[in-house]
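Listed below are the residues making up each chain.
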Amino acid sequence: MITKESKILVVGGAGTMGSSTALHLARRGYKDIRILDMFQPPSANSAGNDMNKLISTQYIDGIWGRLALETWDAWKSDELFTPFLHPVGRLDLAKKDKRRVASLKRQYDLNVSAGKGDNVEWLHNKEDILKKGAYLEDGEIEGWQGMWIRDAGWVAARDALTAVGAELRRLGVKSAFGTSGTFKSLLLGTDGTTVLGVKAVDGKEWPADLVIMATGAWSPTLIDLEDQCISKCWQFGHIRLSAEEVDKLKGTPTLYNSELGFFMEPSPEGIMKFVNEFEGYTRMATCRPFGAKTDITMSVPRSHALNPTDTIPEEGERAIKDVINTCFPQFSNKLLFDKAICWCTDSYDGNWLLCDDPRYNGLILATGDCGHTFKMLPIVGKYVADLIEGRLSREDRDRWRWRPEGKKAAETGREGPQPEDLNDKKGWRHDDPAVSELASRTRAARL
Ligand SMILES: Cc1cc2nc3c(=O)[nH]c(=O)nc-3n(C[C@H](O)[C@H](O)[C@H](O)COP(=O)(O)OP(=O)(O)OC[C@H]3O[C@@H](n4cnc5c(N)ncnc54)[C@H](O)[C@@H]3O)c2cc1C
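Residues numbered from 1 in each chain as written. Predicted model: local features only at pLDDT ≥ 70, side-chain atom pairs only at ≥ 80, totals over all residues. Heavy atoms only, no water.

In the nomenclature of an unreviewed UniProt entry, the protein corresponds to Rhodanese domain-containing protein from the organism Kwoniella pini CBS 10737. The heading Sequence similarities (unreviewed entry) in the UniProt record of the protein holds the text "Belongs to the MSOX/MTOX family." (UniProt positions renumbered as here; feature names shortened; annotations may be inferred.)

In structure tokens, the structure reads:
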């Protein structure tokens, strides 16, 4: 029985789902919460540690539609989050894929028939698009069409994570970072199923009545999730704009094109991020998560924060440049810098794995995704707190339950082909500097 006095550990508590969970628990009066993470907030390993993330409300059907409306309201009304919301609208456009145009049109029609026609506008052609996004005037967007969404925009992701971290400290949430905060294993009672706490990689033991694992892309490598999630990565890069270019793009709608990629207005300092859209890459390797009896081959994330000299694949760089060249040919000669890889873990059906782990008493999983979760920062922890308090609706409990039986139904929670492996990608250099240095010293010694 978990009470307000119970000792609660949130592993991954400096990331998106973890910090939201700690926030909701602290706000509900839980007194003994500790976040454990490799890095302090905003965790350098978090998929949310990024300049900006998209937020939008056009999906009005299904669970993500419900959550999108709820989180939009939270970003607008919760004082902790309001400074980070930029409600500039969104252009959701399709280039030529008929299926994609049809799916956008379906969403548009659903909005209209649900009486939300004032939130969306159908853009038939380039002329319509330019009325909402004049910044695309030089872009090669002939033949494009799609939808403008009013209640949409972007959130300053890293700043929001930082603010949540500061609020956790203010609310008395304890923490441990670095090797003492890095999960190695669960501590189990003599029955082999009761969770007594967590052991960190430096050997430090953290006792607990309840452990919540919110470790994002690392989750399947830490706890055996029986194949329910697959970790994948995407890449992004930045360009630098002049003060006049920043002025021209200030307050403009975000642009998302599932055949191409997405971007948001630049920061006041002139940094603009571009992401290409595709099915992501895996990185197949062997590891042994807690609970597994043998090593398992699975997609294992590689931290960009810990390996900052890693490059991105050549095809990824080309794809990012394609977004820039298509939408802003005038920026095509700008240097692409701060190119990095970012990891998430997709569940096979795209829904969270937000449940009690049935194999252990006192372990909750808050992970699994399909690329939608940063925008849920203000609300996802509410559902974890509801689960702990037995208040989660039956429908949500069922949707987010432990469900390894369904894993064969689909391989990944996203549309499109299966992901290719990063290991096979040309131009992905990932030399461990220490290893490279040792190798070159050995070579030099031989000469
Ligand atoms: C390129 C890219 C663009 C995206 N764009 C958007 C967008 O526009 N809008 C949107 O809503 N979402 C977007 N997403 C998705 C969003 O970022 C993720 O869904 C979300 O951040 C996942 O949250 P999480 O809590 O599961 O994982 P994370 O936020 O990654 O948190 C996991 C935490 O676990 C910690 N951890 C890992 N291993 C250990 C360990 N052994 N011990 C302790 N702690 C550990 C990490 O340090 C990290 O802090 C994007 C993702 C990517 C990759």
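Participant: Quick question: what am I supposed to make of the packing of helix H1 (residues 16–27) against helix H9 (residues 380–388) here?
Facilitator: Geometrically, a packed helix pair is captured by the angle between its two axes and the distance between the axes. Put simply, H1 and H9 touch, their axes get as near as 7 Å, and they point 60 degrees apart. Considering their axes alone, H1 and H9 lie oblique with respect to each other. Regarding H1 and H9, the two cross each other, and that crossing is right-handed. Along the contact surface, H1 presents Met17, Ser20, Thr21, His24 and Leu25, while H9 presents Val380, Gly381, Lys382, Val384, Ala385 and Ile388. Residues of the contact of H1 with H9, tallied by class, amount to six nonpolar, four polar and one charged. (Axes fitted to C-alpha atoms, helices over the stretch in contact; angles between N-to-C directions. Helix = DSSP H or I, 4+ residues; strand = E, 2+ residues; numbered from the N terminus. Parallel < 35°, antiparallel > 145°, perpendicular 65-115°, else oblique. Left-handed = near helix turned anticlockwise from the far one by under 90°. Contact = heavy atoms within 4.5 Å. Nonpolar A, V, L, I, M, F, W, Y, C, P; charged D, E, K, R; others polar.)

Participant: When you look at the packing of H1 against helix H5 (residues 157–170) in this model, what are you seeing that I'm missing?
Facilitator: Direction vectors running N to C along H1 and H5 enclose 35 degrees, while the axes themselves pass 10 Å from each other. In the crossing of H1 with H5, the sense of the turn from one axis to the other is left-handed. Residues Thr16, Ser19, Ala22 and Leu23 of H1 lie in contact with H5, whose contacting residues are Leu161, Val164, Glu167 and Leu168. Residue composition of the contact of H1 with H5, grouped by class: five nonpolar, two polar and one charged.

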